[in-house]
Amino acid sequence: MALLVVGTVGVLAAAAGPLYLATANDSVLHSVLLANPPSAVGLTVTPRATAGQVGDAQAALEAASRYRLGRWYAPQKVVMDAGMSVNGASGQGFGGDLVSDPGACSHLHFLQGSCPTGPGQVAITQRSATALGAKIGSRLSTSIPGPIIYQNGLPTQGHLTKVVTVTGIVAVSNPSLPFWFGADYFGFGQSCPSVAPRCLPQLDSFFTPPGTVAAVPGTLGVAELHLKVDALHLSVLPLFNSVVGGYENYLNTQLQDSVSTRLPQLADQAHSESQLMQSIVLVVDLQLVLLALFVLFGLVARTAEARQKEVALARLRGFRLSSVLSVGLLEPLAMLVLAVPLGLALAYVLMALVQPLLLPGGLLTFQPLALGGSLAAFAGGLLAVGFGARRIISRRLADELRATEPKISPATRAALDGAGLALAVAGILELVATGVLNGGQPNPVAAFAPGLVAVAVAIAGMRGLPLLARLVVRRTRNTGQLGLGLAVRQVVRRPASLRQIAVLAVATALACFAVAGWAAAGVNRVVRANFTLGAARVLTVQVPVGVSLEQAVDRADPSGRYAMAVMLSKIPSQNLLAVQVSRLEKVGYWPPGVSTVPLRQLVNWLRPHLRPELVVRGSEVRVTVTMEGSPNPPPDLQLELVDGQGNPGVADFGFVLGGTHTYTTALPPACLLGCHALQLNPIWTPTQTFVPLQGEMNTGPQSVSYQLTVSQLEQGSGGAWGQVTSQLGDPSYWSGSGPGISVSGTTVGGQPALHLDVKDQVSDTSSPSVYPGALPAVLPGVVTRANAVQDPAAASVEDFDGTSLTLNVKYQVAALPELGQEGFLVDLSAAVRAQKAPPTLTQSQVWLAADTPGRVVAELRGQGQRLLSSRVPGTAIAEMNRGGLALAYLFFLFAAAAAAVLAIGASVFSVFMTSRRRAFELAVLRAIGLSDRTLLGSRLGEQLLVLGPGVLLGVVAGLVGVVLALPSVPEFSTTAGGPPVQLVVAPVPIVLMVGALVLLLAVAAWLAAATTLRLSSWSRLRTEIT
Amino acid sequence: MISEIRLSGVGVRVGARAILDHVDLAIRAGESLAITGPSGSGKTTLLLLAGGLQDAAEGQVLLDGRPMARDPDTRKRFGVVLQNHGLVAVLTAQENVALPLQARGLPAVEVERISLDALASVGLHPQADALVQNLSGGQQQRVAVARALAGSPEVILADEPTSELVAEQRRAILDTLLRQSREGRVLVIATHDPEVVEACDRSVRLMDGRLVEQSPPLSS
Amino acid sequence: MTAPSPGLDIHFEGVVHLYPSDEGDVVALRGVDLDVEAGEEFALLGPSGSGKSTVLALLAGLHRPSAGRIRLGEYDLGRLSNRQLLRLRAAEVSLVLQDPARNLLPYATAAQNVEFSQRGARARGHRPPWGAVELLEQLGMGQLAHRTVATLSGGEQQRVAIATGVAPAPRLLLVDEPTSQLDTQNRDQVIALLRDINQRLGATVVSVTHDPAVGAAMPRTVTIRDGRIGAEGRRGQEFAVVGKDGSVQLPPDVLDLMPPGTLVRVRRHATGVDLSNSELETDDL
């Protein structure tokens, strides 16, 4: 019974929406939690007091068990860390720490020996052992912090010696394993933090049982509570929040501990993602339910009509009104009532099947909203029955007995259609006017648009088709195309078949939009993941000291096709992404729409035109300067340098006296290997002499003006002097910066010389300076729209070491890789040149193209680059595919399938309902001489004339809906961070879907045509009781 | 032109019941024949047999001495009016009438002319473009008659062609039908209206599947 | 169980009825006066289109008369509300439609059909004096009781249809063309059935027919022609009826002597009038 099917589908749809949502919400939470490191979702309790941390941490764990946090947190442990230094066999000192992490042994791979269990026993990594010259059983003498001692009356940290025994040698473990909770115990070779008074080379941590570390004063102790992600479902979240909140409160107030976790923010993030998903799913579900109700209305009406004879008889026999109604409507009503539990049960079954595959982590629970939804759908069906009842009641018995077909007058029908069309169009206009569509900001309400478009197109098509057909009818009026002519007239002159076309159109349109949306969202996710990451594979590396990342990459990949060096600085509102622009086109991922100009143009703009650097090599440097003017006191001339390691230095020439003199000074020792000269600064400080007798300050002039001519710059080593290639006479090479200075080229004695004209130099912290062209004063940059500045040349950003750079930003882009929507893009070489000190605020990366051969990475490793992490877009894609919006689009697909079922069900039903009547008609037509072929053609033509326009209109409406609405339906939970969402219409899924639908309907059509033809045998011609 | 349809020893069964039992009947052109008798007596079946629209379990139906073929070409020589009209509801009166003409492959102009003439002959020319579903029962019946007569078929079979008509119309339709017979065609009408039986040249009566009366009496 | 009350008496007083149709209003009844006693059994004769179906429809309460008054027993049909009409149809007045198929549910058995038609009466507390199978047996159709209606012959269906009409024990049974589809044997069975019902139940039975054999079998016939009662027959004898306005419908067999439009001279004598065609008279002389 088609009514049952449609009713069930309707209820199913209504119930499935909320069910899906609830489960998906849970899944979203699960995914968000999984996507973040355990240290972010778990609890970290850090005692605030510096002393007795271990005891405090343990007290925190005890409290945790009182609060029964074991329900959601396991494992729970106290991790202790004490800094120490140790001497190796060759007497060299190393820095490190003693770490107690309960359970660490089961997460370490023991190469030799076993887990340290007794006090004073340690397990160390292979490379630490090698560096120390230690083996199993070696006793190492460590120096740990001891009690405070007083030296010269000042308190200083004392030291104790502790001897530890090596019982196990382990392999280096991956610090990103969840067990380590985000701590990195494998920092071998890292440079120490700048605050360390004495910087020793670092070893990996020593693993040891708690007893060894606990007694060390100043040991850091932290309580870690790892979250059991699978145990945290939305349904328990309120309880969880209240319990944990109480716990945190207790810790904060009673134990003076600070608790850190990002769980609330992550939960909020999951929640906002869920909200978006919710809106979309509900909008889609609503449209689906409305479609089902519309079909249901038609079905109930036709079923009631089919029982018209029984109703007439009942009225003739004087049945009570209630009995009459039950005769006519009991069956549809019963079907509807049956449909509710059936649909609800099916929804649950479907969800249960779907959940493990598509909604991992989601918990299927009873949802009152699902029940409510199905009851609402049932109410809709009841309304249809109510209309049927009204029709029965209002007809006159005499008419009923005469069995005239109840006809809705064409005027009423036109009014209804017109109203529907007007509403749909009004709806679309409203959406546009309120900025939901094409408003720039995605809005889930936009998902109504495809339904509205579908309805509008369907109604227009329904009305327009007869007009169109009139032309065809005229032409087939008297030609030999008898079958076609019959078919056309049958379709066009019957409101029921036109309605069928409308239903088919709406269902196809929804399905089209759903499939297109799902495909497009999938593509966009891939694009976003790729773009946000930057390339097919991104390695975060730790560059060994003294090695230039650029040179390393150039060596590993001379072709420039596979690898690209990148340095990244993330300071809020001053993000900087520096890449080797010459390799960006081949290695980087740049989808269309990010920039309005092609990537090549950006690359050409960014490509640095670096002048040769001013290199000074030697132990001494001397300069010949002619001073005109008598500044009082004279300025102090300094040459700023930076060595090969990036360490800054200064060559101070001292005061510049009037006349021509040569000034010599020593270079920093590292300049033996070569230093880059950064700038030449005449620094002037006004004098203030205190005249004791007069008790006042005698101040000199507050500003000075003078002129300097630099005619020689030489470097010397061991008495031998040579020219520095300095291009003194080239004014384009030297630029002045700072107040009052102008630079020009000149000649002195036939040699090029640099002329500086300083006016009104005042004493403040910024002295004018002269830059050699090696240092670009202004870097070309590309900026994101969020950071766009008024004056192109005025953007100011901090470089990797804190240097302030001036950028000339010519181009704007929608977003940048890694940085999202805030940041600047510059060339790496240029940025590195601008550095004056070792970079402290950066991340070094190597970006790899998809087809990078393995030797490139091997080469990098061989150079000593330490691979900290390797990321691919697939991870982000998988994460996004589990995210709320992806689940919403998945629901689209489900809705598409349901819509298709509705359409097919309605079509099958109508064929079934009319088959008997039509069979008789066909038998008569055969009797009057029409051939079987004509009749089959007519019957088939009828079906196809409904199928064809229906699907065609649907596809058109669907595509219009896609173009109109898809860009406005949110695909990502935040628009920030990614390239603009592309309207990608992937033709393949749509074609597949339409093809499948057409195939199914065509099969149904063929079956229908053949069946009715077979039924229309001669025996139909004898009068029978119908 | 067909001169005779002969049924000899014809029997039709439905399950155990014999609807027609050993019926011998000769139907001659130019001699209008009324088949009368209560419903369930086999009137309709006899009519359908004579028209080649039904199979006989026993006996033969001969068209001019040869067994009646059941192909569309034979169909085109017959015009049939059935009890439930069998009109296509969504076609206009004219379109319905035109159907058998189009099935015969006549040119469009001819079809137009003949169908309008046929409608005029039953007094429905003004309703030519009305959809059949909007016509009254009597009008529908007349359209069915027009369809049967369109193109002057050689054999006309009518099953209760006047049951829904009022007196004057009934008379008119009857006259139209009888004129066909007088012009040398075969006309068989199944009816229980005594007026119709009166008007026909010859009548036979069916009772429980057998021919029981003939009037005027059979001449050997 | 209450004994079935006797049939309803029928009184038509100057009933005029019009139908709207495509070609303007059609006057179906032009002033009908009719008196029928309770428990009478009569046939309503007349050619098709004469108005007899209209009389039946009015009696069944399907329409309200355009003008005039119809009294059924204690009911004034024109004054009844729809609900009262419904109640009437449940228990008092039963109409059997012309085509037996239209009175029956084809997929149900004869007994189920009879039960179906009793539902209306039962729901209102009028318990019919018989069960379905009992009724069928009493009416000589016992062997059909459990057969599906669709498998029955035309005659059997007609009789079952009449049985469904009788089932609620109405006081007025209206039957439309009860024998039009039947052969002689079945026809006689139906006529006997109707008589049986009339005598056993005491209900007034009105049969509309154009079959003269049915008319001959009824104790009374009323012939309607052209919207007026033209003739009545009692016990085999035909009488013309003088209408309210003094008009008389001449029986059809004398119309060749006096076709419509003839000027007739009316001469009165002791037991009636002489009508003579004035033109013919002149010729004779």
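Because the structure is a prediction, the values reported are computed rather than measured.

**Topic: the overall build of chain B**
- Scanning chain B for helices and strands turns up seven helices and 10 strands.
- In summary, chain B has a C-alpha radius of gyration of 17 Å against a globular reference of 17 Å for 220 residues, a match within 12%.
- Overall, chain B is about 45 × 35 × 35 Å in size when its C-alpha atoms are taken along their principal axes.
- The 220 residues of chain B split such that 55% are buried.
- A separation of at least 24 residues holds for 66% of the contacts in chain B among residues at least 6 apart in sequence.
- Of the roughly 8,400 Å² of accessible surface on chain B, 48% is carried by carbon and sulfur atoms.
- For chain B, the separation between the mean place of its 22 positive charges and that of its 27 negative charges on side chains is 3 Å.

**Some points on the state of the cysteines**
Residue and element names in this part refer to chain A.
- Inspection of the entire model under this criterion finds two disulfides over all chains.
- At a sulfur-sulfur separation of 1.8 Å, the disulfide partner of C105 is C115. Between C105 and C115, the S-S torsion sits near 80°, and that sign places the bridge as right-handed. With C105 in the loop between strand 3 (93–100) and strand 4 (110–113) and C115 in the loop between strand 4 and strand 5 (121–125), the pair connects residues that are 10 residues apart, well separated along the chain.
- Overall, the relative accessible area of 27% leaves C115 in the partly exposed class.
- The disulfide bridge from C671 ends at C675, spanning 1.8 Å between sulfur atoms. What sets the handedness of the C671 and C675 disulfide is the S-S torsion sign, and at about -95° it is left-handed. Comparing C671 with C675, the two get one shared label, buried.

**Looking at empty space enclosed by the protein**
Residue and element names in this part refer to chain A.
- Counted by the stated rule, this structure contains 11 cavities of 30 Å³ or more.
- Here the second largest cavity defines a volume of roughly 90 Å³.
- If you go around the second largest cavity, the residues you meet are V284, Q287, L288, A447, P450, L510, F513, A514, F892, A895, A896 and A899.
- For the lining of the second largest cavity, the elements supplying multiple residues, two or more each, are helix 7 (263–306), helix 15 (495–533) and helix 22 (884–927).
- Classifying every residue of the lining of the second largest cavity gives 11 nonpolar, one polar and no charged.

Criteria and cut-off values
Residues numbered from 1 in each chain as written. Chains lettered and ligands numbered in written order. Predicted model: local features only at pLDDT ≥ 70, side-chain atom pairs only at ≥ 80, totals over all residues. Heavy atoms only, no water. Helix = DSSP H or I, 4+ residues; strand = E, 2+ residues; numbered from the N terminus. Rg over C-alpha atoms; globule rule 2.2 N^0.38 Å. Buried < 20%, exposed > 50% of the residue type's maximum accessible area, 1.4 Å probe, protein only. Contact = heavy atoms within 4.5 Å. Areas by Shrake-Rupley, 256 points an atom, 1.4 Å probe, with all protein chains shown as cover. Lys, Arg positive; Asp, Glu negative; His and termini not counted. Charge placed at Lys NZ, Arg CZ, Asp CG, Glu CD. Disulfide = S-S within 2.5 Å. 1 Å grid on protein atoms, 1.4 Å probe; cavity = no way out; pocket = protein on both sides within 12 Å on 5 of 7 lines; lining within 4 Å. Points joined across faces, edges and corners; volume = space filled by probe spheres on them. Nonpolar A, V, L, I, M, F, W, Y, C, P; charged D, E, K, R; others polar.

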